[in-house]
Amino acid sequence: MSFCVSLCSPSLVLALSSLLGALGFLLLCLNLRAPARYGKHQEKPGKPWARVPARCAWFLQELPSFLVPALLLALRSPPRLEPPGCRLLCGMFCGHYFHRTFIYSFFTRGRTFPLQILLFGMLFCIYNGFLQGYYMIYCAQYPKDWFSDFRFTSGVLLFLFGMGINIHSDILLRQLRKPGDYTYKIPQGGLFTYVSGANFFGEIVEWFGYAIATWSIPAFAFALFTLCFIGPRAYHHHRYYLRMFTDYPKSRKALIPFIF
Ligand code: NDX
């Protein structure tokens, strides 16, 4: 434990978390005006060499979010998984990114992805993977009864609930297309009955669940970042559908069922 504590730099954690929050705020301002240019919001296809097949792009982009914390865990000396921080990191954060990197990426039927956004996305995932991993492995300290604390249990439930919605909604989107089809259709079923950004709603709930379960500043900063980045994306998806489909369900909201 003393080794673990001596490697922790609270000022580094605070600085990196503040920067993550600030990036979220910057993206909120930028994305409220115009959505990030990938998927249905790409204006021009761009040069063929500057585009990457979706499967490859999502794999490369998301891999560091899994690999960086996993490497930090493996390099920890002595390597131990018992501390609550390491178990939470493995079970929740790495679990999510294992699915996103090795399962979601291999099944996506998305359009080609802009190289520039892929590179920014990878940088982001290295940064966030390092911050979350470093904090949970070297800084986080929990009381012995943390696993029966209300914050832990409610956070884990919220995380699983959000993850379920996110994965189910991404599957519903994928089923809208046959292989080789890149057209857009009206999503149906699941939480899409109520909102256009069902997958985004699930992801936001998931990361707020993680933040509550870990009760940590980096995790709250990441949850806030997620809200700031994919919240406006859901709003732009909603406007896109209303523009493209005259028969789009009028009662459907953008992100939060019955509210927004
Ligand atoms: N990747 C998170 N800018 C991001 C990539 C972009 O995981 O710094 C954040 C992530 C990155 C971003 C990442 C970080 C910030 C960056 C940004 C780019 C610039 C920005 C780096 C890392 C940045 C500066 C430098 C200015 C500061 O053809 P298609 O692809 O549209 O097909 C889609 C399909 N689909 C449909 N098919 C048929 N009919 C329809 N109506 C359809 N609608 C959609 O479904 C896709 O194949 C698929 C999903 O599409 P969509 O648009 O619903 O979701 P998408 O945005 O692609 O996200 C996929 C999943 C989803 O579960 C979402 O929750 C999660 O990834 N995600 C996404 C983004 C960020 C994130 C999670 C997070 O912050 N936690």
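Because the structure is predicted, anything quoted here is derived from the model rather than measured.

Peer 1: Help me out: how do you make sense of the pattern of salt bridges in this one?
Peer 2: Oppositely charged side chains may form a pair once their charged atoms are brought near each other. Scanning all chains against the criterion turns up five salt bridges. We note a salt bridge from Arg-151 to Asp-149, for which the minimum N-O separation is 3.0 Å. Residue Arg-151 is classed as partly exposed on the basis of its relative accessible area, which comes to 30%. For Lys-185, the salt bridge goes to Asp-181, with nearest N and O atoms at 2.5 Å. What makes Lys-185 partly exposed here is its relative accessible area of 31%. Ionic contacts of the salt-bridge type, sharing partners, join the residues Arg-100, Asp-170 and Glu-203 into one network.

Peer 1: So what exactly am I meant to see when it comes to the side chain of Ser-169 here?
Peer 2: Residue placement: Ser-169 occurs in helix H6 (residues 150-174). Residue classification places Ser-169 among the buried residues on the basis of a relative accessible area of 1%. Reaching out from Ser-169, the side chain makes a polar contact with the backbone oxygen of Ile-165 at a distance of 2.6 Å. Those residues in contact with Ser-169 that sit more than four places away from it in its chain are Phe-192, Ala-198 and Asn-199.

Peer 1: Sorry, what's going on with the environment of Gly-209 here?
Peer 2: Here Gly-209 is to be found in helix H7 (residues 198-214). Exposure remark for Gly-209: the relative accessible area of 0% places this residue in the buried category. C-alpha separation for the pair Gly-209 and Met-163, spaced 46 residues apart in sequence, amounts to 9.7 Å. If sequence neighbours within four positions are ignored, Gly-209 has contacts with Gly-155, Val-156, Leu-158 and Phe-159.

Peer 1: Is there a simple way to explain the site of the ligand in this structure?
Peer 2: With respect to spatial proximity, 37 residues lie near the ligand, and among them Tyr-38, Asp-170, Tyr-184, Lys-185 and Arg-233 are the closest. Contact between the ligand and Glu-62: an oxygen atom at 2.9 Å from a side-chain N or O atom of the residue. A distance of 3.3 Å is found between an oxygen atom of the ligand and a side-chain nitrogen or oxygen belonging to Thr-108. Its free accessible area being 1,300 Å², the ligand has 91% of it covered by the protein chains. If you list the elements that add at least two residues to the shell around the ligand, you get helix H2 (10-33), helix H3 (54-75), helix H4 (84-107), helix H5 (115-139), H6, H7 and helix H8 (217-244). Counting residues per element, the shell around the ligand draws most heavily on H8, at eight residues. Considering only residue class, the shell around the ligand consists of 18 nonpolar, 10 polar and nine charged.

Conventions used here
- Residues numbered from 1 in each chain as written.
- Predicted model: local features only at pLDDT ≥ 70, side-chain atom pairs only at ≥ 80, totals over all residues.
- Heavy atoms only, no water.
- Salt bridge = Lys/Arg side-chain N within 4 Å of Asp/Glu carboxyl O.
- Buried < 20%, exposed > 50% of the residue type's maximum accessible area, 1.4 Å probe, protein only.
- Helix = DSSP H or I, 4+ residues; strand = E, 2+ residues; numbered from the N terminus.
- Polar contact = N/O pair within 3.5 Å; in protein donor to acceptor, adjacent residues only side chain to side chain.
- Contact = heavy atoms within 4.5 Å.
- Near = heavy atom within 4 Å.
- Areas by Shrake-Rupley, 256 points an atom, 1.4 Å probe, with all protein chains shown as cover.
- Nonpolar A, V, L, I, M, F, W, Y, C, P; charged D, E, K, R; others polar.

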